[in-house]
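# Structural overview for review
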Amino acid sequence: MPARCAIIGSGNIGTDLMYKMLRSDVLDLVALVGIDPDSDGLARARKEGLEAPHTGPDWVLDNADNIDMIFDATSAYVHVRYYKKYEEAGITAIDLTPAARGPKVIPPVNLYEHLDAPNINMVTCGGQATTPMVYAIRRAIEKLPYAEMVSTVSSRSAGPGTRQNIDEFTKTTSTALREIGGAEQSKAIIVLNPAEPPILMRNTVFAGLPDGSDHQAVLDSIYEMVDEVAKYVPGYRLKNPPVVEEGPFHTPGGEVPHRAVVLLEVEGAGDYLPTYAGNLDIMTAAAMRVGEAVARKDSEVSV
Amino acid sequence: MTTKANVDYRLIDSTLRDGSHAISHQYDVDEVISIVRGLSSAGVQVIEIAHGDGLGGSSFNYGFSKVDEKELIARACEESGDSTIACLLVPGIGLADDLKDVHELGVGMARIATHCTEADISEQHIQTAKKLGMEAIGFLMMAHMNSPEGLVEQALLMQSYGADAIYIADSAGAMTTEDVRRRVNALVEALDVPLGVHAHNNLAMAVSNSIAAYEEGAANLDGTSAGLGAGAGNCPTEILAAVSTKYGIETGVDPLKLMDVAEEVVRPIMPRQQVIDRAGLILGYAGVYGSFLLHAQKAAERYNVPQAEILMELGRRQVVGGQEDMIIDVALELARKHAEEDQ
């Protein structure tokens, strides 16, 4: 039986996620929940024949018997207020806010490690785009002393949540590069670019390669991982072939003779948001991947 | 000799922050101590120090600092005398937590820098600086890329977050005097707080643009010793002071002492003199962020493509400060294009 799902938050992310979920065989979308009855997202949900309440997260708790899983596309503040209540109601929460209450999941790296968790955090858009690359480099060498990511997104695709708390983005992303990517030290940088027409989301990964690293193995592992991510984010691609540059580089993890540079671009699928908003698309696509894996596992258990 | 309360504008020297780009962030403790002592004894009111890309800028993307910036900042605070020590922070690169650290070291002013259309990412950091009791300045970079009206809108946001002053930075050294006058005029009219201007010399306009900004009502001006800085360099502090004196503008600093600092302390550590060569001029001409200069030179050598082509393409793409990774991107694409043409 498909999992009965509700999306909370009828903004850009929630509405984009709705269109993705309507195509799913394993996730049965019941409702898009908002707080503004006049929002475009809720109007679109009604048009799709979904429930479109505007009473916020409480609607989900009132209907807990009919909902197995929620996708939270509100804000860290709202998620922190409600996450325990979802758990008490027996509802699995996939958290697209930076609240980081549950384990962080980057699908091609640790999707199957936390499928039983009551609350799963989707890190950040930049984290979804770059952690797989850091992990890919790490698995090809003995140790990765330092990794760094630079994310540039179009100004139009950076919402008020990101803007008011930009430190949360860099801190959470940097943590993911270490905890999930496997780097010993890390740094994350975000840049907003106002160019018109808006630029596609760009991500660059730098990784310090210690002496004796097999450079070809690093490059092969990167290519492999790009294909892996592109399976669920079709617009995820290398903008240029990855390169290994000669240093030395004095990183916080120690001096390294070389660095790998991976130049990525993410074009959105255009489900609701324009294609330049690859940063939002990669979040909703990753959340779908996690939600479907949780649903498949649960249905196996109940058989 | 005037008292500081009597000066016509406040001079902020950024040799130890923006100047850091020109030496690829390789300052050591002794250099910092001599520069701070020299500037302070010349009467400079504010001395800015940090990685060139602001607190937390040490990275693959912008270059790693030779010495931890917080160690350098601590030493600068010890040697600062009557001068205030300032730090610059770019949200997205540095953290509000960094402000807390440097405040404890004795830093009294925080300049929070965003691209000239993205002021709303500075709220958290301006408020943190204010809560710590620091003077907070909102710093709008690449100001040539926004209209006077657009800058007013952005500056008012920073003012509403609590900024004590607003700066516009001609980070690409791309503005004519007329560009500066129109922007300063509109901002001085609209703001309740003082305005400042940070000029670069890619079009050889830094000093004249700074004087023009003063004439239009700017109350803060930036310089670096010997013009040390990104691109073809900053507005040279000692020249700005000398020219101001000739105009009868009171700066409170001693131009001769500043000339000594430039000549005896800063020039000896400069790997190259700040001249307006082709690459520097192209930055101003194409409106490209000044600190891309040396990174583009490295990428040009690494991938065997002309530096000027890289810079022109970056201008065409409208990249903004912080996107140094795009230099590698452009170099790789140009190398591929040239290889295809050769076949």
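Residues numbered from 1 in each chain as written. Chains lettered and ligands numbered in written order. Predicted model: local features only at pLDDT ≥ 70, side-chain atom pairs only at ≥ 80, totals over all residues.

## Description of the overall build of chain A
When you go through chain A residue by residue, the secondary structure sums to 10 helices and 11 strands. Each principal axis of the C-alpha atoms in chain A carries an extent, and together these give about 60 × 50 × 30 Å. Per-residue burial for chain A yields a buried fraction of 54% across its 303 residues. In chain A, the proportion of contacts linking residues at least 24 apart, taken out of those at least 6 apart, comes to 69%. (Helix = DSSP H or I, 4+ residues; strand = E, 2+ residues; numbered from the N terminus. Buried ≥ 20, exposed ≤ 12 C-beta atoms within 10 Å, placed from the backbone. Contact = placed C-beta atoms within 7 Å.)

## Some points on the pairing of strand 10 (residues 243-251) of chain A
Residues and elements named next belong to chain A. By the bridge criterion, seven bridges tie strand 10 to strand 11 (residues 254-266) in an arrangement that is antiparallel. Considered in strand 11, the bridge of E245 is made with R259. Hairpin connection from strand 10 to strand 11: two residues lie between these consecutive antiparallel strands. (Pairing = 2+ DSSP bridges.)

## Structural notes on the interface of chain B and chain A
Tallying the contact residues gives 26 residues for chain B and 30 residues for chain A. Listed by contribution, the elements that provide at least two residues to the side of chain B that touches chain A are helix 4 (123-131) and helix 13 (325-342) of chain B. When residues of the side of chain B that touches chain A are assigned to their parent elements, the largest contribution, five residues, is made by helix 13 of chain B.

## Details of unusual backbone geometry
All names here are of chain A. For the peptide bond that leads from E196 to P197, omega is -5 degrees, which places it in the cis range. Locating P197 in the fold gives a position in the loop between strand 7 (183-193) and strand 8 (201-209). Looking along the chain, the bond that leaves G247 and enters P248 is cis, with omega of 10 degrees. Mapped onto the elements, P248 comes out in strand 10. Even without being a glycine, V123 presents a positive backbone phi close to 60 degrees. Relative to the assigned elements, V123 resides in the loop between strand 5 (119-121) and helix 6 (125-140).

## Looking at the domain arrangement of chain B
All names here are of chain B. Here chain B is described as being made up of domain 1 (4-269) and domain 2 (291-342). Using only C-alpha atoms to locate each centre, domain 1 and domain 2 end up separated by 28 Å. Taken together, the contacts link 14 residues of domain 1 with eight residues of domain 2. Classifying every residue of the side of domain 1 that touches domain 2 by side-chain character gives six nonpolar, eight polar and no charged. (Domains from an automatic or database assignment. Nonpolar A, V, L, I, M, F, W, Y, C, P; charged D, E, K, R; others polar.)

## Side note on the packing of helix 12 (residues 307-316) of chain B against helix 13 of chain B
Residue and element names in this part refer to chain B. It is at 10 Å that the axes of helix 12 and helix 13 come closest, and there the two elements cross at 115 degrees. Regarding helix 12 and helix 13, the two cross each other, and that crossing is right-handed. Packed against helix 12, whose contacting residues are E309, I310, E313 and L314, the element helix 13 presents M326, I327, V330, A331 and L334 at the interface. Grouping the amino acids of the contact of helix 12 with helix 13 by side-chain chemistry returns seven nonpolar, no polar and two charged. (Axes fitted to C-alpha atoms, helices over the stretch in contact; angles between N-to-C directions. Left-handed = near helix turned anticlockwise from the far one by under 90°.)

## Brief notes about the sheet that holds strand 5 of chain A
Residues and elements named next belong to chain A. As summarised here, the arrangement of the five strands in space is 2-1-3-4-5, forming an open sheet in which the pairing is parallel. Edge strands, defined here as strands with exactly one partner in the open sheet, are strand 2 (27-33) and strand 5. Strand after strand, the sheet turns through a mean of 20 degrees between neighbouring axes, direction not considered. Judged from the six bridges that link them, strand 1 (residues 3-8) and strand 2 form a sheet pairing that is parallel. Note on strand 2: the bridge partner recorded for A6 is A31. Of the strands in this sheet, strand 3 (69-72), strand 4 (92-95) and strand 5 are in contact with helix 4 (residues 76-88), which crosses strand 4 at around 155 degrees.

## Details of the pairing of strand 7 of chain A
Each regular strand displays side chains that alternate between the two surfaces of the sheet. Residues and elements named next belong to chain A. Judged by how many residues are buried, strand 7 sits mostly within the fold: nine of 11 residues are covered. Both strand 6 (residues 144-154) and strand 7 contribute to a ladder of 10 bridges, which runs parallel. What sits directly across from V153, in strand 7, is L192.

## A short note on the domain arrangement of chain A
All names here are of chain A. The domain architecture assigned to chain A consists of domain 1 (3-123 + 283-302) and domain 2 (125-276). At the junction of the two partners, domain 1 supplies 20 residues and domain 2 supplies 23 residues. If you list the elements that add at least two residues to the side of domain 1 that touches domain 2, you get helix 1 (12-22), helix 5 (107-110) and helix 10 (278-302). Residue contributions to the side of domain 1 that touches domain 2 peak at five residues, all from helix 1.

## Some remarks on the nonpolar core
Core analysis: the largest hydrophobic core is formed by 218 residues, its most contacted members being I70 and I137 of chain A together with C87 and L140 of chain B. Ignoring anything within four residues of it in the chain, the contact list for I137 of chain A reads L144, A207, V218, S221, I222 and A260 of chain A. (Core = buried A, V, L, I, M, F, W, Y, C linked by C-beta atoms within 7 Å.)

## Comments concerning the packing of helix 1 (residues 29-41) of chain B against helix 2 (residues 69-78) of chain B
Residue and element names in this part refer to chain B. It is the contact of helix 1 with helix 2, at a shortest axis distance of 9 Å, that shows an interaxial angle of 30 degrees. In the crossing of helix 1 with helix 2, the sense of the turn from one axis to the other is right-handed. For the pair formed by helix 1 and helix 2, the contact residues are V29, V32, I33 and V36 on the first element and L72, R75 and A76 on the second. Partitioning the contact of helix 1 with helix 2 into residue classes produces six nonpolar, no polar and one charged.

## Here's the deal with the environment of S208 of chain B
By secondary structure assignment, the location of S208 of chain B is in helix 7 (residues 206-215). Note on S208 of chain B: 15 C-beta atoms within 10 Å, which makes it partly exposed.

## What about the environment of F71 of chain A?
All names here are of chain A. With respect to the element layout, F71 can be found in strand 3. Looking at F71, the number of C-beta atoms within 10 Å reads 28, which means it is buried. Along the primary structure F71 and N279 are separated by 208 residues, whereas in three dimensions their C-alpha atoms are 17 Å apart. Sequence-distant contacts of F71, that is, excluding residues within four places in its chain, are made with C5, I7, L17, I94, L96, A287 and G291.

## Examining the sheet that holds strand 4 (residues 109-115) of chain B
Sheet strands pair by backbone hydrogen bonding; their relative direction is either parallel or antiparallel. Residues and elements named next belong to chain B. Around the barrel, eight strands lie side by side as 1-2-3-4-5-6-7-8; this closed barrel has parallel pairing. Pairs of neighbouring strands in the sheet enclose a mean axial angle of 25 degrees, with direction left out of account. Of the pairings in the sheet, the one linking strand 5 (residues 135-141) to strand 6 (residues 165-169) comprises four bridges and is parallel in character. Paired with F139 across the bridge in strand 6 is Y167.

## Digging into helix 11 (residues 292-303) of chain B
Residues and elements named next belong to chain B. If you check helix 11, its first and last C-alpha atoms are 16 Å apart, about what 12 residues at 1.5 Å a residue would give, namely 16 Å. Those residues of helix 11 that fall on the buried side of the exposure criterion are F292, L293, L294, H295, A296, A299 and A300. Elements that come into contact with the buried residues of helix 11 comprise helix 10 (278-286), helix 12 and helix 13. (Expected span 1.5 Å × (residues − 1).)

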